[in-house]
Amino acid sequence: MTMLAPPPLSLYVHLPWCVRKCPYCDFNSHPQRGALPFAAYVEALLADLDHDLPLVWGRTVQTVFFGGGTPSLFPPEAIDAFLQQASGRLRFAPGCEITLEANPGTAEHGRFEGYRAAGVNRLSIGIQSFDDGCLQRLGRIHDSAEAVAAVRLARAAGFDNFNLDLMYALPQQTLAMAERDIECALALEPTHLSHYQLTLEPGTAFAARPPAGIPDHDAGWDMQEHCQALLAQAGYAQYEVSAYARPGRQCAHNLNYWRFGDYLGIGAGAHGKLTLGSEQAILRRWKLRHPTAYLAAAGSDAAIGGDEYLSPARRPFDYMLNALRLNAGFALAEFEARTGLPRSAIAAELAQARARGWLAEDGERIVPTELGRRFTNDVIGLFLTDTA
Ligand SMILES: C[S@@+](CC[C@H](N)C(=O)[O-])C[C@H]1O[C@@H](n2cnc3c(N)ncnc32)[C@H](O)[C@@H]1O
Ligand code: SF4
């Protein structure tokens, strides 16, 4: 029999406000109206954490990620108060990676120093583009000069480990413009770069009124390939569909997601995924999305937006949705430990994917081929069964 073994544990903390809503964004982010209730929200996060602690009793947190929204709207004192109190309730691994997402439009003097002093050791800065026209069309609150200044401030504050988020296939963007964005990013010497293709997410302003001049699928693929080559030349290896890193600087937090690790999700709309060894179950839990409703209910069952136990039939698809995004693929033994299923459960789908040239077997590992990487969604779709 194959047993579920609890994998590494991460902590995700959602901070749900932004200065204003970007027209392409479908994250759980809400425009700031007036003063934000920072202290009350930190109290709510801690109550939420206390409520979920029995689910992770005795386990060590390997990584922490403050995501948003715009976490850098929170003053360093609020982040410090949260981390101090959370580390009294949960064991943090030595050298625990602690990332905070920052928007260049909120980078004021002294703020990054404060995050660093609070224990944050990695920043993820949302640049999107270094072209002022592109930034305007994306409705960003900052221009290119502010983006560069924010990165310099972060470095001056002692952050030697930081990610830059860029998007490509932007309205009216040419291949040369996409390449220029990569060159500008490289000049700032980040340790990590996330390169996302702009998607029109349902329910966003862009989906309702698509802006003119969005590059088509082939043009988008061209940009991806050229930018990937520029990054490779500069020593940034692609390790996931949209993620590039210098050696040893991959994002440990995201890697844990992609390897189907566990994570506790606290904050408005946060999602968690936890392996319950004693019950041989995998629980997905998410919290109320709206900050006001979340603030009122945090710490009680009423803050839980939903609980779902992942059926064995559904596990292969959920596993592949993550693992097949990685260039290194996955080890069959890890699939077994993290889904509680024998490898025979996916033998037919693997054979089909190999026959189509999408996946290759490298000893114990299943690795996407170049063709498979181009059709990631189709490969993952093979694992979606009627009963799942
Ligand atoms: C939660 S945001 C993080 C940081 C911060 N809120 C900001 O925007 O500066 C995470 C990243 O997702 C990417 N993103 C958001 N919406 C997207 C979309 N529709 N298509 C592609 N990437 C998107 C952006 O690169 C963004 O920086
Ligand atoms: S700042 Fe970031 S999270 Fe906020 S709306 Fe824009 S992309 Fe979304």
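The rules behind these values
- Residues numbered from 1 in each chain as written.
- Chains lettered and ligands numbered in written order.
- Predicted model: local features only at pLDDT ≥ 70, side-chain atom pairs only at ≥ 80, totals over all residues.
- Helix = DSSP H or I, 4+ residues; strand = E, 2+ residues; numbered from the N terminus.
- Rg over C-alpha atoms; globule rule 2.2 N^0.38 Å.
- Buried ≥ 20, exposed ≤ 12 C-beta atoms within 10 Å, placed from the backbone.
- Near = placed C-beta within 6 Å.
- Nonpolar A, V, L, I, M, F, W, Y, C, P; charged D, E, K, R; others polar.
- Domains from an automatic or database assignment.
- Axes fitted to C-alpha atoms, helices over the stretch in contact; angles between N-to-C directions.
- Parallel < 35°, antiparallel > 145°, perpendicular 65-115°, else oblique.
- Left-handed = near helix turned anticlockwise from the far one by under 90°.
- Contact = placed C-beta atoms within 7 Å.
- Pairing = 2+ DSSP bridges.
- Right-handed = clockwise from strand over helix to strand, strands pointing away.

S.K.: Which parts of the structure should I look at to understand the overall build of the protein chain?
M.R.: Looking only at helices and strands, one finds 15 helices and 17 strands in the protein chain. The C-alpha radius of gyration of the protein chain comes to 21 Å, within 12% of the 21 Å expected for a compact globule of 388 residues. Counting only C-alpha atoms and orienting by the principal axes, one finds that the protein chain spans roughly 55 × 50 × 40 Å. Expressed as a percentage of its 388 residues, the buried residues of the protein chain come to 40%.

S.K.: Sorry if this is basic, but what is going on with the site of ligand 1 here?
M.R.: Neighbouring residues of ligand 1: 16 residues in total, closest Tyr24, Asn103, Gly126, Asp165 and Tyr196. Of the residues belonging to the shell around ligand 1, the class tally is six nonpolar, seven polar and three charged.

S.K.: Got a minute to help me understand the site of ligand 2 in this structure?
M.R.: Taken together, Cys18, Lys21, Cys22, Cys25, Phe27, Ser29, Gly68, Gly69, Thr70, Asn103 and Gly126 make up the full set of residues near ligand 2. For the shell around ligand 2, the residue count by class is four nonpolar, six polar and one charged.

S.K.: Honestly, the domain arrangement of the protein chain in this entry has me stumped. Any pointers?
M.R.: Many analyses report the size of an interface as the accessible area lost when the parts associate. Here the protein chain is described as being made up of domain 1 (9-256) and domain 2 (315-381). Taken together, the residues of the side of domain 1 that touches domain 2 sort by class into two nonpolar, one polar and one charged.

S.K.: What's the story with the packing of helix α1 (residues 38-52) against helix α2 (residues 76-89) in this structure? I'm lost.
M.R.: Two numbers describe a pair of packed helices, the interaxial angle and the distance between the axes. Remark: α1 packs on α2, axes separated minimally by 10 Å, with the N-to-C direction vectors making an angle of 15°. Judged on the interaxial angle alone, α2 and α1 are roughly parallel. Regarding α1 and α2, the two cross each other, and that crossing is right-handed. Every residue of α2 that contacts α1 at Phe38, Ala39, Val42, Leu45, Leu46, Leu49 and Asp50 is listed here: Ala78, Ala81, Phe82, Gln85, Ala86 and Arg89. Here the residues of the contact of α1 with α2 sort into 10 nonpolar, one polar and two charged.

S.K.: Would you take a moment to explain the sheet that holds strand β15 (residues 330-331) for this structure?
M.R.: What holds strands together in a sheet is hydrogen bonding between their backbones, with the strands either parallel or antiparallel. Read across the sheet, three strands follow the order β15-β17-β16 without closing on themselves; strand pairing throughout is antiparallel. Because the sheet does not close on itself, it has two edges, and the strands there are β15 and β16 (359-362). As judged from the two bridges shared by β15 and strand β17 (residues 365-368), these two strands associate in the antiparallel manner. Its bridge partner lying in β17, Phe330 is registered against Ile366.

S.K.: So what exactly am I meant to see when it comes to the pairing of strand β5 (residues 91-102) here?
M.R.: Where a strand is regular, its side chains alternate between the two sheet faces. Sheet topology places strand β4 (residues 60-68) next to β5; six bridges connect them, and they run parallel. Directly across from Thr63, in β5, lies its bridge partner Glu97. In this region the chain leaves β4, passes through α2 and returns to the parallel neighbour β5; the handedness of that crossover is right-handed. With four bridges connecting them, β5 and strand β6 (residues 122-128) associate as parallel partners. Across the sheet, the residue bridging to Leu100 is Leu123, located in β6.

S.K.: Help me understand helix α11 (residues 315-323) in this model?
M.R.: Because each turn of an α-helix spans 3.6 residues, side chains separated by three or four positions in sequence point in the same direction. Counting buried positions along α11 yields seven of nine residues, so the element is predominantly enclosed. Within the span of α11, buried status applies to Arg315, Pro316, Asp318, Tyr319, Met320, Asn322 and Ala323. Elements in contact with the buried residues of α11: α9 (252-258), β13 (281-287), β15, α12 (332-339) and α15 (376-381).

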